[in-house]
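Architecture at a glance
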Amino acid sequence: MREELGVDLVQLSFDLVDPTWPDEVLAEIADAIRTAAARHRLTIHSAFIGLAHYSFNQLLHPNPKVRDAAEAWMIKAYRFAALAGISRVGGPLGAIASRRDGVETDRISEEDYRDLIARMRRLAIAAEAVGLVELYVEPTPLRREWPWTVGQAKRMTADIAGSAVPWRYCLDWGHATFEPLYGRYRGTMEAWFSELAPEIGMVHLQQTDFQYDRHWDFTEVGLVDPAAAAALLEKWMLADRPAFLEVFYPFERDDASVLDAVRRSIQILKPAFA
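All values derive from a computational prediction rather than experimental measurement.

Rules used in this analysis
Residues numbered from 1 in each chain as written. Predicted model: local features only at pLDDT ≥ 70, side-chain atom pairs only at ≥ 80, totals over all residues. Heavy atoms only, no water. Helix = DSSP H or I, 4+ residues; strand = E, 2+ residues; numbered from the N terminus. Rg over C-alpha atoms; globule rule 2.2 N^0.38 Å. Buried < 20%, exposed > 50% of the residue type's maximum accessible area, 1.4 Å probe, protein only. Contact = heavy atoms within 4.5 Å. Areas by Shrake-Rupley, 256 points an atom, 1.4 Å probe, with all protein chains shown as cover. Lys, Arg positive; Asp, Glu negative; His and termini not counted. Charge placed at Lys NZ, Arg CZ, Asp CG, Glu CD. Core = buried A, V, L, I, M, F, W, Y, C linked by side-chain atoms within 4.5 Å. Phe/Tyr/Trp six-rings, centres within 6.5 Å; stacked < 30°, edge-to-face > 60°. Lys NZ or Arg CZ within 6 Å of the ring centre and 35° of its normal. Axes fitted to C-alpha atoms, helices over the stretch in contact; angles between N-to-C directions. Parallel < 35°, antiparallel > 145°, perpendicular 65-115°, else oblique. Left-handed = near helix turned anticlockwise from the far one by under 90°. Nonpolar A, V, L, I, M, F, W, Y, C, P; charged D, E, K, R; others polar.

Before going further, it helps to examine the overall build of the chain. Counting secondary structure elements, the chain contains ten helices and seven strands. Computed over its C-alpha atoms, the radius of gyration of the chain comes to 18 Å, within 12% of the 19 Å expected for a compact globule of 274 residues. Per-residue burial over the chain gives 47% buried out of 274 residues. Contacts spanning at least 24 positions in sequence make up 78% of the contacts within the chain whose residues lie at least 6 apart. Just so you have it, the chain exposes about 13,600 Å², and 55% of that area is on carbon and sulfur atoms. Within the chain, one finds 30 positive and 40 negative side-chain charges whose respective centroids are separated by 4 Å.

Printed below as a string of structure tokens:
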């Protein structure tokens, strides 16, 4: 990757490995990751929940037993990350159940919220036990997922303060700018940066039109200007935070064209973020 794309700081997706696989399999894969990273002089900054686990309700499932299973899954993810030499783990926390009438609720119960905070505190203890240094929450632009507003994120920061390992935020350029939810002027990265900058540990970059969470690469035409994005990070003293390209492609697309599009996207981004 260093030679092919010209990057040396990367993020692992848990779409590549399921931390519930047998221990001997996980140990073999973790060793392979360590070896490959060393051989190519790559630093794996963090490991993040991918599309596979994100598709479940996770820590906000209506059934507490499923929440327990999701909490156990995260603990196993922490253990695997530590085995692979990765010291940070994160992703979205979960989603409450849909309403039968199809109307999206804009709040979770206080009981469910307190349960979520308690689980986050237990997870921080588990992360510390295996040597992780940070955990991350990625806010998503859905009313059923938590947190989805700046105010909710600020409350969560206050409520989780003092946990065994610090929880920080990963902000995605296509989440905070989703106009159908936040509106044209409230749906900006600056709205989040201005309130949460000290708690932000990284950002995810994508090209998008602000109408859906597109996760296009930067060969596509969209509204995210790399130079303006880099300048905004600089303005809020976030230029030292890692910025990772996070793009999705149709499963049917061939590997060669995906690799070429990612390579060209990196070439577009590098002058702004060098």
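From this point on, the discussion continues.
The next point concerns the nonpolar core. One broad rule of soluble globular proteins: the nonpolar side chains tend to lie buried together. The biggest cluster of nonpolar side chains holds 77 residues, and the ones touching the most others in it are Tyr78, Met156, Trp167 and Phe193. Sort the elements by how many residues they give to this core and helix α5 (residues 110-129) lands first, with eight residues. Beyond its immediate chain neighbours, meaning those up to four positions away, tyrosine 78 contacts Val89, Leu123, Ala126, Ala127, Val130, Leu132, Leu135 and Trp167. Judged by nonpolar contacts, the second largest core, of five residues, contains Phe48, Tyr136, Cys170 and Met202.

Counting across every chain of the model gives six aromatic pairs. Centre to centre, the rings of phenylalanine 14 and tryptophan 73 are 5.7 Å apart; their planes meet at 70°, and the pair counts as edge-to-face. Linking phenylalanine 14 in the loop between β1 (9-13) and α2 (23-39) with tryptophan 73 in helix α4 (residues 64-83), this pair joins segments that are 59 residues apart in sequence. Tryptophan 73 matches phenylalanine 14 in its accessibility class, with the two residues each being buried. Judged by centre distance (6.3 Å) and plane angle (50°), the ring pair of phenylalanine 48 and tyrosine 136 falls under tilted. Taken together, the positions of phenylalanine 48 in strand β2 (residues 43-48) and tyrosine 136 in strand β4 (residues 134-137) put the pair 88 residues apart, joining distant regions of the chain. No difference in accessibility class separates phenylalanine 48 from tyrosine 136, as the two residues are buried. Cluster of aromatic residues (ring-pair linked, three or more members): Phe14, Trp73 and Phe80. The ring of tryptophan 148 carries the charged tip of arginine 143 above its face, separated from the ring centre by 5.9 Å.

Mapped onto the elements, valine 203 comes out in strand β6 (residues 200-205). Residue class for valine 203 comes out buried when judged on its relative accessible area of 1%. Expressed as a C-alpha distance, the spacing of valine 203 and leucine 245, which sit 42 residues apart in the sequence, is 8.7 Å. With sequence-adjacent residues up to four places away left out, valine 203 is seen in contact with Cys170, Leu171, Phe193, Leu233, Pro242, Ala243 and Phe244.

Take the packing of helix α8 (residues 189-196) against helix α9 (residues 226-235) next. Their axes nearest at 10 Å, the elements α8 and α9 cross at an angle of 15°. The orientation of α8 relative to α9 falls into the category roughly parallel. In this structure, the crossing between α8 and α9 has a hand that is right-handed. Judged by residue contacts, Met189, Glu190 and Phe193 of α8 engage Leu232, Leu233 and Lys235 from α9. Along the lines of polarity and charge, the residues of the contact of α8 with α9 split into four nonpolar, no polar and two charged.

Read these as geometric descriptors, not functional statements.
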